[in-house]
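Commentary on secondary and tertiary structure
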Amino acid sequence: MADLNHASSGYITIINHASSSDPILWLFSVFGGIIMCKTAYELMGVFSPLIFEDLFDERGQKESIINRTSPSSDIILGISIGYFLSDLAMIIWTYPTLGGLEYVLHHGLSMLAIGQSVLSGQAQFYIFMVLFTEITTPFVNLRWYLDVAGKKNSTLYLSNGVAMVVGWLVARVVLFVFFFYHLFMHFDQVKQMYPTGFYSMLTIPPALAMMNLFWFWKIAKGLIKTLTKLRRGHAHSS
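Residues numbered from 1 in each chain as written. Predicted model: local features only at pLDDT ≥ 70, side-chain atom pairs only at ≥ 80, totals over all residues. Heavy atoms only, no water.

In the nomenclature of an unreviewed UniProt entry, the protein is known as TRAM/LAG1/CLN8 homology domain-containing protein of Cynara cardunculus var. scolymus.

Put into structure tokens, the structure is as follows:
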């Protein structure tokens, strides 16, 4: 009986907030997220052929997907290492303001995987797939800046939170599902990697995936908390 009452209370909370919220805000957030995803997709469609040509096209080459590399891919991975190093330096310098030990672990594992890929020329396809998850970083940074500026109750903060939750779900949760599916379907090629790289492929991506799930739970929980505060504010004002 208590569970039924709790569930009913939850439904009432959702209904009250939905009725008191500005529908234009939600429509704008959803539409904005669609536009950003579509823009990123189109830009990748334009620039990827210029950079990688048919490097990772499974129909374009007979070489194992594990061993495909090019000077362009090496350069981009090198730039990625520079990004992680600079970000890690800022995290350590301001510790723990920008993040705790989990961020240090995340960046350390990422650089280990990228470094091995650059030096060995292997598994670059999978490294690029994981690097795509960093597309959510601008939303994370904007959230931090708005928090420091005392704008947690602003419309921009809420819109950014919605976009971050949706982006995180797609880029850092769903994408990893495809990652592991592709890895499983090409496991015969993955086994051709040198031993350290092979075991890194079996351990680092799952560790990063678990971190992303944990952070997604925290982000979604924070968004729900913000929405609850807004609902209470609307209730008091009415």
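1. Topic: the overall build of the protein
The secondary structure content of the protein amounts to nine helices and zero strands. Expressed as a percentage of the 238 residues in the protein, the buried residues total 37%. Excluding contacts between residues fewer than 6 apart, the proportion of contacts in the protein whose partners are at least 24 apart in sequence is 74%. Here the protein has roughly 14800 Å² of accessible surface; of this, 71% comes from carbon and sulfur atoms. (Helix = DSSP H or I, 4+ residues; strand = E, 2+ residues; numbered from the N terminus. Buried < 20%, exposed > 50% of the residue type's maximum accessible area, 1.4 Å probe, protein only. Contact = heavy atoms within 4.5 Å. Areas by Shrake-Rupley, 256 points an atom, 1.4 Å probe, with all protein chains shown as cover.)

2. Considerations on the UniProt feature "transmembrane region" (unreviewed entry) in the protein
What UniProt calls "transmembrane region" (unreviewed entry) maps, in this numbering, to residues 24–52, 73–95, 125–146, 158–184 and 196–217. In this annotation, residues 125–146 is assigned 77% helix and 0% strand; the end-to-end C-alpha distance for the span is 35 Å. What you have in residues 158–184 is 100% helix and 0% strand, and the ends, taken at the C-alpha atoms, are 38 Å apart. (UniProt positions renumbered as here; feature names shortened; annotations may be inferred.)

3. Quick notes on the nonpolar core
Formed by 44 residues in total, the largest nonpolar core has its most connected members in Tyr126 and Phe179. When contributions to this core are tallied by element, the ones reaching two or more residues are helix 3 (71–93), helix 4 (101–120), helix 5 (124–131), helix 7 (155–185) and helix 9 (195–237). Setting aside chain neighbours within four positions, we find Phe179 in contact with Tyr126, Met129, Val130, Met201 and Pro205. (Core = buried A, V, L, I, M, F, W, Y, C linked by side-chain atoms within 4.5 Å.)

4. Details of a positive patch on the surface
A contiguous patch of positive charge on the surface is contributed by Arg143, Lys152, Lys218, Lys221, Lys225, Lys229 and Arg232. Per-element accounting of the positive patch gives the leading share, five residues, to helix 9. Looking at the secondary structure, you find Lys229 in helix 9. (Patch = residues over 30% accessible without salt bridge, like charges linked within 9 Å, V, L, I, M, F, W, Y side chains within 5 Å. Salt bridge = Lys/Arg side-chain N within 4 Å of Asp/Glu carboxyl O. Lys, Arg positive; Asp, Glu negative; His and termini not counted. Charge placed at Lys NZ, Arg CZ, Asp CG, Glu CD.)

5. So, the packing of aromatic side chains
Summed over the entire model, instances satisfying the criterion amount to 12 aromatic pairs. When the ring of Phe198 is compared with that of Tyr199, the centres are 5.3 Å apart and the planes differ by 70°; the resulting orientation is edge-to-face. With relative accessibility at 54%, the residue Tyr199 sits in the exposed group. By the ring-pair criterion, three or more aromatic residues cluster together here, those being Phe125, Tyr126, Phe176, Phe179 and Phe180. For the cation-ring pair, Arg172 lies above Trp168, with the distance from its terminal atom to the ring centre recorded as 4.3 Å. (Phe/Tyr/Trp six-rings, centres within 6.5 Å; stacked < 30°, edge-to-face > 60°. Lys NZ or Arg CZ within 6 Å of the ring centre and 35° of its normal.)

6. Some words on the packing of helix 5 against helix 7
Think of two packed helices as two axes; the pair is described by the angle between the axes and how far apart they sit. Look at helix 5 against helix 7: their axes get within 10 Å of each other, and the N-to-C directions meet at 170°. Here helix 7 runs roughly antiparallel to helix 5, going by the angle between their axes. Contacts between helix 5 and helix 7 pair Phe125, Tyr126, Met129 and Val130 from the former with Leu175, Phe176, Phe178, Phe179, His182 and Leu183 from the latter. Tallied by class, the residues present in the contact of helix 5 with helix 7 amount to nine nonpolar, one polar and no charged. (Axes fitted to C-alpha atoms, helices over the stretch in contact; angles between N-to-C directions. Parallel < 35°, antiparallel > 145°, perpendicular 65-115°, else oblique. Nonpolar A, V, L, I, M, F, W, Y, C, P; charged D, E, K, R; others polar.)

7. Here's the deal with a nonpolar patch on the surface
A cluster of nonpolar side chains, Val166, Leu169, Val170 and Val174, forms an exposed patch at the surface whose accessible area comes to about 310 Å². Examined against the element boundaries, Leu169 turns out to sit in helix 7. Among the residues examined, Leu169 registers a relative accessible area of 37% and is labelled partly exposed.

8. Quick look at helix 4
Between its terminal C-alpha atoms helix 4 stretches 28 Å, which fits the 28 Å expected from 20 residues at 1.5 Å a residue. Of the positions making up helix 4, those classed as buried are His106, His107, Leu109, Ser110, Met111, Ala113, Ile114, Gly115, Gln116 and Ser117. Just downstream of helix 4 lies Gly121, where phi reads positive at about 75°. (Expected span 1.5 Å × (residues − 1).)

9. Regarding the environment of Lys151
For Lys151, the position within the fold is in the loop between helix 6 (137–148) and helix 7. Beyond its immediate chain neighbours, meaning those up to four positions away, Lys151 contacts Leu146 and Tyr157.

10. With respect to the pattern of salt bridges
According to the stated counting rule, one finds one salt bridge in the structure shown. When the shortest N-O distance is used, the salt bridge between Arg172 and Glu134 registers 3.4 Å. Pair noted here: Arg172 is in helix 7 and Glu134 is in the loop between helix 5 and helix 6, with a separation of 38 residues, a long-range link. The pair formed by Arg172 and Glu134 is uniform in burial state, with each residue classed as buried.

11. Observations regarding the environment of Ser64
Examined against the element boundaries, Ser64 turns out to sit in the loop between helix 2 (23–52) and helix 3. Judged by its relative accessible area of 11%, Ser64 falls in the buried class. With 58 residues separating them along the chain, Ser64 and Gln122 place their C-alpha atoms 9.7 Å apart. With sequence-adjacent residues up to four places away left out, Ser64 is seen in contact with Gln189 and Gln192.

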